Amino acid sequence: MIINGILLKASLELFGEIMCGIVGCILKEKKAAPVLLECVRRLEYRGYDSVGIATSSSGINIKKDSGKIDEVQERLQLDDLPGKMGIAHVRWATHGLPTRENSHPHTDCYNKLALVHNGIIENYQELKDQLQEEGHHFSSDTDTEVIAHLVEKQMSKGMDLEDALRLVIHQIKGSYALAVIHVDYPNIIIGARKESPLILGVGDGDYFLASDVPAILEETNRIIYLDDEDLFVMKNDGIIVKDSQGRVKENEIDVISWSPEMAQKGGYDHFMIKEIHEQPEVVRNTLSELHEIKKTVENFSDFKRVCFVACGTSFHASMVGKYLFEELVGIPVDLALASEFEFSAGALTDDTLVIFITQSGETADTMKALEMAKEKAETLAIVNVMGSRATREADYVIYTRAGPEIGVAATKTYVSQLTCIYLLAACMVGDEKLLDELKKVPDYMKTALEKEELIKEISPHYKDVTDFFFIGRGFSYPTAMEGALKLKEITYIHGEGFAAGELKHGPLALISDDVPVVAVVPPGKSHDRTMGNVKEVKARGARVICLGSQNDVNLRSEAHYMIEFEDQISEVLSPLIYVVPLQLLAYYISVERDINPDQPKNLAKCVTVV
Ligand code: G6P
């Protein structure tokens, strides 16, 4: 399809998680490097750790390094690179530490091509082993570099760039949004996407590609959305889009009417709601850590106990970990709030694996506990931010792959922590059935997100209450706790999570018709007893929002509002999915109360004081 800007249509297509950002352009008159630098700057609000640009002008020119964009620009003058076309990358490290070598663009053995990539190549290790055997020389630890060498290999057999790339994307497994320039094709940028976001932009004789609309919105608002497995060839007179079989496609040009700020939020009003919607994608990303987790588990020494240590939302993930490990792995598990750890650290024994869960990897209480634990036992950190302190100090590290989370209240990082915990437990006991079940979670979550309209409708009824209770048993107890924490954090309403069985030991005295109760009641062994608690609070006047199976007619008959889930979602898996409407409830009540949910008062994303 040669684009002339014929078809114009507004669109709100939203993309999932973006861990890195890629951009590229072919410009009619201006130099590419300064424009590329501006484009990647617009992606930096997510907090990146490396940056690089490659341009094509009498050969391939590359400048790249680790560090924030401004620091690297000051050191290297990235915008000095010559030429009117090029590609650029900002990296949020996932494979390999943030170093110059691991920064993109990556090249082949002879620096004939430059490539930027966002995504995860799951089979990179076997491809890399094979390429190394064949004599290819690698300069980084990244999964991305295999793509550059695979393209080189096909082209050395006489293939042209487009055919080589098409063949290579059939060889790689995983997700990618990528763009390539090659010394023998000085007027072309070629790229493709699968499961990672990539859009094209059409300016006035200028052409762009980017992971995300905000990167190029100031250059053009005319956007082409690529479908999964599309491949594009960009030249200075237009763009051709093809499907995976090489057939030319007619993708439309959409005109985006968002402001740049709206675009950063993917068209959503707040980062929090955007991040809530990213959760199915995030879980899918985290599930791709299976291989790494299996390798980690093989290296563990024998241990007889587990102790989870964390703060805030990460502590609620730890609570789920306790139930899961005790039920599935059959091992005794202790739980410690990081700020309380020092008071029980004395009893820690060297047959314990201490698991630290922390999104930021920097929370001061968690770091202090990690320092103490290291002296006595083996430590594992489950962390979202690569290169953070926890990743440097713990004996083992598992990454959650949620991508940068901007909203102060944790949402997508919570479900990615849970996913890691489930993967870890399943790997420890070789539970293939659980691994299969986990693959269904992104779809279950998508259905849970469909409750958004209902929650939006009911939220105004709760905006003026002063207290809210959340109850659940077993696996649903942490969900109740997390629902209450979300409410507290972003609505400033007093929310309290209880183990449902504890109601009778005190909290029941506080129940009345102006204290709504949220009951988490998935089908399973805790169901009937929690149903009993629902009846108890109802009898005292409470309006109960019930979360349960779509087939649960008894629960529905007790509910003031019923939030239904697919019946197949087991109690064990429910924490991953049942939490979604509770995040939405807190979000919409916060909006009703005119609070900015992204920046609640008195709270910080990362607490670096003890
Ligand atoms: C802060 C954040 C919470 C987070 C907690 C633990 O309080 O506001 O959202 O759950 O820290 O953070 P961590 O980075 O260690 O998971």
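Whatever comes next refers back to the structure up there.
Just so you know, these numbers come straight off a predicted model, no measurement behind them.

Enquirer: Explain the layout of surface pockets here, please?
Expert: Taking a probe equal in size to a water molecule and rolling it over the atoms shows the remaining empty space. Of the volumes computed, that of the largest pocket is approximately 710 Å³. Going through the elements one at a time, β7 (113-121), α3 (124-133), β8 (174-182), α9 (279-287), α10 (290-299) and α15 (432-439) are the ones with two or more residues in the lining of the largest pocket. The leading source of residues in the lining of the largest pocket is α10, at five residues. Residue composition of the lining of the largest pocket, grouped by class: eight nonpolar, eight polar and 13 charged. Mapping the lining of the largest pocket onto the domain boundaries places at least three of its residues in each of domain 1 (2-264) and domain 2 (268-439). For the second largest pocket, the calculated volume is near 490 Å³. In terms of lining, the second largest pocket is formed by 26 residues, of which the most central are C311, G312, T313, K605 and V607. Elements that contribute at least two residues to the lining of the second largest pocket include exactly α11 (312-329), β18 (352-358), α12 (364-374), α14 (412-429) and α18 (476-491). Top contributing element to the lining of the second largest pocket by residue count: α11, with three residues.

Enquirer: How should I be thinking about helix α19 (residues 527-539) in this particular structure?
Expert: Owing to its 3.6 residues per turn, the α-helix brings residues three or four apart onto one side. With 13 residues, α19 should cover 18 Å at 1.5 Å per step; its first-to-last C-alpha distance of 18 Å lies within 8% of that length. When we look at burial in α19, the residues that qualify are H527, T530, M531, N533, V534 and V537. For α19, the buried positions fall inside an angular range of 160° around the axis, keeping them on one side. In α19, the exposed residues that point more than 90 degrees away from the buried face are D528, R529 and A539. As for α19, its buried residues are in contact with β21 (467-472), β23 (517-521), β24 (544-549) and α20 (553-558). G541 lies just past α19 and shows a positive phi near 95°.

Enquirer: Explanation requested: the pattern of salt bridges in the structure shown.
Expert: Side-chain pairs of opposite charge can arise where the charged atoms are in close proximity. Considering all chains together, one arrives at 34 salt bridges under this definition. A salt bridge links E219 to R42; its shortest N-O distance comes to 3.2 Å. Of this pair, E219 sits in the loop between α6 (213-216) and β12 (222-225) while R42 sits in the loop between α1 (32-41) and β3 (50-56), and the two are 177 residues apart along the sequence. In this structure R42 comes out as buried when scored by relative accessible area, which is 15%.

Enquirer: Quick question: what am I supposed to make of the environment of N551 here?
Expert: Secondary-structure assignment places N551 in the loop between β24 and α20. With 14 residues separating them along the chain, N551 and F565 place their C-alpha atoms 8.8 Å apart.

Basis of the calculations
- Residues numbered from 1 in each chain as written.
- Predicted model: local features only at pLDDT ≥ 70, side-chain atom pairs only at ≥ 80, totals over all residues.
- Heavy atoms only, no water.
- 1 Å grid on protein atoms, 1.4 Å probe; cavity = no way out; pocket = protein on both sides within 12 Å on 5 of 7 lines; lining within 4 Å.
- Points joined across faces, edges and corners; volume = space filled by probe spheres on them.
- Helix = DSSP H or I, 4+ residues; strand = E, 2+ residues; numbered from the N terminus.
- Nonpolar A, V, L, I, M, F, W, Y, C, P; charged D, E, K, R; others polar.
- Domains from an automatic or database assignment.
- Expected span 1.5 Å × (residues − 1).
- Buried < 20%, exposed > 50% of the residue type's maximum accessible area, 1.4 Å probe, protein only.
- Arc of directions from axis to C-beta.
- Contact = heavy atoms within 4.5 Å.
- Salt bridge = Lys/Arg side-chain N within 4 Å of Asp/Glu carboxyl O.

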